[in-house]
Amino acid sequence: MIDASFSLGLPVNSDANDLRDGMRDLDPTFEIGPMVRYYLWKSKDERHFFNIEMPYRAVYATNLTYVDHVGYYSIPYLNYLSKASEETFGWSIDISLGFQYGSQGFHNRFYAVDSQNVRTDRKYFHSVSGYSGTQFAALIAKRINDVLIMPFFRYDYLDGAVYNKSPLYKNPHYNNVS
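Residues numbered from 1 in each chain as written. Predicted model: local features only at pLDDT ≥ 70, side-chain atom pairs only at ≥ 80, totals over all residues. Heavy atoms only, no water.

A.B. asks: Outline the pairing of strand β5 (residues 77–82), supporting the account with residue identities and numerical values.
C.D. replies: Examined bridge by bridge, strand β3 (residues 48–62) and β5 share six bridges and lie antiparallel to one another. The residue of β5 that forms the bridge with Asn51 is Asn79. In this sheet, strand β6 (residues 92–102) lies alongside β5 in antiparallel orientation, the contact comprising six bridges. Looking across to β6, one finds that Asn79 is bridged to Ser96. (Pairing = 2+ DSSP bridges. Helix = DSSP H or I, 4+ residues; strand = E, 2+ residues; numbered from the N terminus.)

A.B. asks: Let's hear about helix α1 (residues 104–111): which residues, and what values?
C.D. replies: Those residues of α1 that fall on the buried side of the exposure criterion are Phe106, His107, Asn108, Arg109 and Tyr111. Tucked into the core, α1 has its buried residues touching β2 (29–42), β3, β4 (67–74), β6 and β7 (130–144). (Buried < 20%, exposed > 50% of the residue type's maximum accessible area, 1.4 Å probe, protein only. Contact = heavy atoms within 4.5 Å.)

A.B. asks: Account for the layout of surface pockets, with residues named and values stated.
C.D. replies: Looking at the second largest pocket, its volume works out to about 270 Å³. Of all the secondary structure elements, the ones that give two or more residues to the lining of the second largest pocket are β4 and α1. Grouping the amino acids of the lining of the second largest pocket by side-chain chemistry returns five nonpolar, six polar and five charged. (1 Å grid on protein atoms, 1.4 Å probe; cavity = no way out; pocket = protein on both sides within 12 Å on 5 of 7 lines; lining within 4 Å. Points joined across faces, edges and corners; volume = space filled by probe spheres on them. Nonpolar A, V, L, I, M, F, W, Y, C, P; charged D, E, K, R; others polar.)

A.B. asks: So what's going on with the nonpolar core? Residues and values would help.
C.D. replies: Core analysis: the largest hydrophobic core is formed by nine residues, namely Met23, Tyr111, Val113, Phe125, Leu158, Ala161, Tyr163, Leu168 and Tyr169. Each residue touching Tyr163, except ones within four places of it in the same chain, is listed here: His107, Tyr111, Phe125, Ser127, Ser132, Leu158 and Tyr169. Within the second largest apolar cluster, six residues are counted, among which are Val59, Val70, Tyr73 and Ile75. (Core = buried A, V, L, I, M, F, W, Y, C linked by side-chain atoms within 4.5 Å.)

A.B. asks: I'd like to hear about the environment of Tyr72, residue by residue, with values.
C.D. replies: With respect to the helices, strands and loops of the structure, Tyr72 is situated in strand β4. A relative accessible area of 34% means that Tyr72 is categorised as partly exposed. Separated by 48 residues in sequence, Tyr72 and Thr120 place their C-alpha atoms 31 Å apart. Apart from the residues within four sequence positions on either side, Tyr72 is in contact with Tyr56, Arg57, Ala58, Val59, Tyr101, Gly102, Ser103 and Phe106.

A.B. asks: Can you explain the packing of aromatic side chains? Please cite residues and give values.
C.D. replies: Here the structure, examined in full by the defined rule, presents eleven aromatic pairs. A centroid spacing of 5.5 Å and a plane angle of 10 degrees characterise the contact between Tyr56 and Tyr72, whose relative ring orientation is stacked. Of this pair, Tyr56 sits in strand β3 while Tyr72 is found in strand β4, placing the two residues 16 residues apart along the sequence. Judged by its relative accessible area of 45%, Tyr56 is partly exposed. Counting every residue linked through ring pairs, the aromatic cluster contains Trp41, Phe50 and Tyr80. The lysine or arginine in question, Lys42, covers the ring of Tyr39, its NZ or CZ lying 4.6 Å from the ring centre. (Phe/Tyr/Trp six-rings, centres within 6.5 Å; stacked < 30°, edge-to-face > 60°. Lys NZ or Arg CZ within 6 Å of the ring centre and 35° of its normal.)

This is the structure we're talking about:
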């Protein structure tokens, strides 16, 4: 099955980030492209699934006065999905493991240091395309009337990413709980 894939990226305020101090702020991004979804297994009652999803998205930066193509991003991942049921008290489950890849332009948007931004503690750096890290995500969801409750956890392990020699790269561990 082929679907559409979308994602949004928040702006980066360089003054609020010690590693980017004095560099230009980064405008928000949006990503759009196709996603191939292939089901490896479905339970007989079609409430539990294992699938592979492979999005490939073009990335654009904008502040709504311009749109600039930044590069490409992909994160093929393996999912376990479980639909809400009485046994789970109406909660659905989604657990995924993915391997991130980005183009040179995508990585340089976040990790490049051009000559005008070099300082004694921040050397020149430009990235290449390739591996961007591994991502694990888990979420549960429940709909109560018109309200959707969806707490989630996401952890990215970035060690081995092609940009990890950048002076803007700080930590191989990134997590988000909401």
